[in-house]
Amino acid sequence: MVFFLTAQEQKYLLNRILPLAREVGVSQELRGWNWWKEPLKPYYPERISMFSVCGKFCPTSRDVYLMYVEKKPGRRTYEVMLGAIAHNMLEHLFSAARRGEFELSFEDWWQNELRRRNQGEEAQLVRENARTMESCLRPLWDLCLSQARAAYLETRAAHPYAEEPHLLAVALPFLVEHKLDGSLLGLSGTLSVDCYDYLHHIIFDVKVGGQPRDFYRLYPTGYALVFESLYEVPVDVGCSIHIGFRNGRVSVSKDIFFINDDLRNWWVEERDRKLEIVAQRRDPGKPRECPPGCMFEEVCG
């Protein structure tokens, strides 16, 4: 899994992030379990996705207006498709590893994925880019599978009397694509968090391709608030993972951070602003400059 922290990242977590979280803390009114009162209480009955709240790709948020008011579908791009398939692959690998299955075939999985997507509007895009996507995903598959196997073997050696289910639960302490209901905070009832590390209480969000952006921190922040609203446990650490590909090699970088009051307030501001656009059916207008590869370029007008 790409969710394992390196030795350096572990040091940063233990000696910087966790002490900071304990010293500074989080204001109680910004804990997700206080969803029923200000400032977390949503003012409108509408429900939108976490992507709509956190995504700041469109400078005016007209993509939210087009999606929820005009009901215009976004165009699938290569980057979007690659990210979706990579997320499916991570879920597949984790599910198999938690069953103790580490001898897996990339070819078998990839052919099943191609067959599954060989229909509808995705079909042509997948066929045109299948070879490029395969060259990106194969090294990511190898990396994740080797990490999972190594973690399992290390845990088994350290706990020779533990039973298999316990070994797997400790070696792979991740809830991957865990389903959440975000309706208490004005979000969709069908959210899916990329990963929650239940031993270290870290929310992970994975982004594939492109360049890392500052607002990527909003995604773990939002999921932490939803997690707190549902389970009433504090979640203070987020991690934005960026996966890139170049010359047949995969690169993974992690931004580990304290989910502080500033980030929580920023997330609430974005949610309120975008819920207002949808509830009031207010067109925020086109930006002066559209981002490259915008999913709504063809319908924005």
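What counts as what
- Residues numbered from 1 in each chain as written.
- Predicted model: local features only at pLDDT ≥ 70, side-chain atom pairs only at ≥ 80, totals over all residues.
- Heavy atoms only, no water.
- Helix = DSSP H or I, 4+ residues; strand = E, 2+ residues; numbered from the N terminus.
- Expected span 1.5 Å × (residues − 1).
- Bend = angle between axes of the 7 residues up to and from the residue.
- Disulfide = S-S within 2.5 Å.
- Buried < 20%, exposed > 50% of the residue type's maximum accessible area, 1.4 Å probe, protein only.
- Pairing = 2+ DSSP bridges.
- Axes fitted to C-alpha atoms, helices over the stretch in contact; angles between N-to-C directions.
- Contact = heavy atoms within 4.5 Å.
- Polar contact = N/O pair within 3.5 Å; in protein donor to acceptor, adjacent residues only side chain to side chain.
- Parallel < 35°, antiparallel > 145°, perpendicular 65-115°, else oblique.
- Nonpolar A, V, L, I, M, F, W, Y, C, P; charged D, E, K, R; others polar.
- Salt bridge = Lys/Arg side-chain N within 4 Å of Asp/Glu carboxyl O.

Student: Explain helix H6 (residues 122-158) to me, using residue names and the numbers behind them.
Tutor: For H6, spanning 37 residues, the distance from its first C-alpha to its last is only 46 Å, which falls clearly below the expected 54 Å at 1.5 Å a residue. Its maximal kink placed at Ala130, H6 deviates by approximately 65 degrees.

Student: Any chance you could break down unusual backbone geometry for me, citing the residues and the numbers?
Tutor: Glu38 connects to Pro39 through a cis peptide bond whose omega is 5 degrees. With respect to the helices, strands and loops of the structure, Pro39 is situated in the loop between helix H1 (7-24) and helix H2 (50-54). Its identity as a non-glycine residue notwithstanding, Glu177 has a phi of 55 degrees, on the positive side. Take Glu177: it is sitting in strand S1 (residues 174-180). For His201, which is not glycine, the phi torsion reads 55 degrees and is therefore positive.

Student: If you had to explain the state of the cysteines to someone new, which residues and values would you point to?
Tutor: A complete count under the given rule lists zero disulfides for this structure. Just so you know, Cys144 is unpaired, no disulfide at all, and the nearest cysteine sulfur is the one on Cys195, 11 Å from it. Exposure remark for Cys144: the relative accessible area of 0% places this residue in the buried category. Between Cys239, a cysteine without a disulfide, and Cys195, which holds the nearest cysteine sulfur, the sulfur-to-sulfur distance is 9.4 Å. Overall, Cys239 belongs to the buried group, its relative accessible area being 0%.

Student: Any chance you could break down the sheet that holds strand S5 (residues 249-258) for me, citing the residues and the numbers?
Tutor: The strands making up a sheet associate through hydrogen bonds between their backbones, and the pairing can be parallel or antiparallel. Spatially, five strands are ordered S1-S2-S3-S4-S5 in an open sheet, and the strand pairing comes out mixed. The sheet is open, and its two edges are formed by S1 and S5, each paired on a single side. Averaged over all pairs of adjacent strands, the angle between their axes in this sheet comes to 30 degrees, without regard to strand direction. Inspection of the sheet shows strand S4 (residues 237-246) paired to S5 by ten bridges, in the antiparallel sense. Its bridge partner lying in S5, Ile243 is registered against Val252. With respect to the sheet, H1 is in contact with strand S3 (202-208), S4 and S5, its orientation differing from that of S5 by roughly 25 degrees. Where helix H8 (residues 218-231) meets the sheet, it contacts S1, strand S2 (191-197), S3, S4 and S5, and its direction lies at approximately 140 degrees from that of S3.

Student: Break down the environment of Arg99 for me, citing the residues and quoting the values.
Tutor: Tracing the backbone shows Arg99 in the loop between helix H4 (78-98) and helix H5 (106-117). Residues Arg99 and Thr132 lie 33 residues apart in sequence; the distance between their C-alpha atoms is 30 Å. Side-chain polar atoms of Arg99 contact the backbone oxygen of Ser95, separated by 3.3 Å.

Student: Residue-level account of the side chain of Lys274, with values.
Tutor: Checked against the element boundaries, Lys274 lands in helix H9 (residues 261-279). Looking at Lys274, its side chain comes within polar contact range of the main-chain oxygen of Ser52, at 3.0 Å. Here the side chain of Lys274 touches Val53 through a polar contact of 2.9 Å, landing on its backbone oxygen. Leave out the neighbours within four places in its chain, and Lys274 touches Ile48, Ser52, Val53, Cys54, Gly55, Lys56, Ser61 and Val64.

Student: Kindly report on the packing of H8 against H9, identifying the contributing residues and their values.
Tutor: At their nearest, the axes of H8 and H9 sit 9 Å apart, and the two run at 90 degrees to each other. One way to sum up the angle between H8 and H9 is to call them roughly perpendicular. Between H8 and H9, the residues in contact are Leu218, Thr221, Gly222, Leu225 and Glu228 and Leu263, Arg264, Trp266, Trp267 and Glu270, respectively. For the contact of H8 with H9, the class distribution of residues is five nonpolar, two polar and three charged.

Student: Any details on the pattern of salt bridges? Residues and values, ideally.
Tutor: Counted by the stated rule, this structure contains 19 salt bridges. A salt bridge links Lys56 to Glu270; its shortest N-O distance comes to 3.1 Å. Taken together, the positions of Lys56 in the loop between H2 and helix H3 (62-68) and Glu270 in helix H9 put the pair 214 residues apart, joining distant regions of the chain. By relative accessible area, which is 31% here, Lys56 ends up partly exposed. Where Glu134 meets Arg138, a salt bridge forms, and the shortest distance between an N and an O atom there is 2.9 Å. With Glu134 and Arg138 both in helix H6 and four residues apart, the pair spans about one turn of that helix. A residue is classified by how much of its surface remains accessible, and Glu134, at 25% relative accessible area, is partly exposed. Judged by its relative accessible area of 29%, Arg138 falls in the partly exposed class. Through salt bridges that share partners, Arg31, Glu228, Asp236 and Arg264 make up one connected network.

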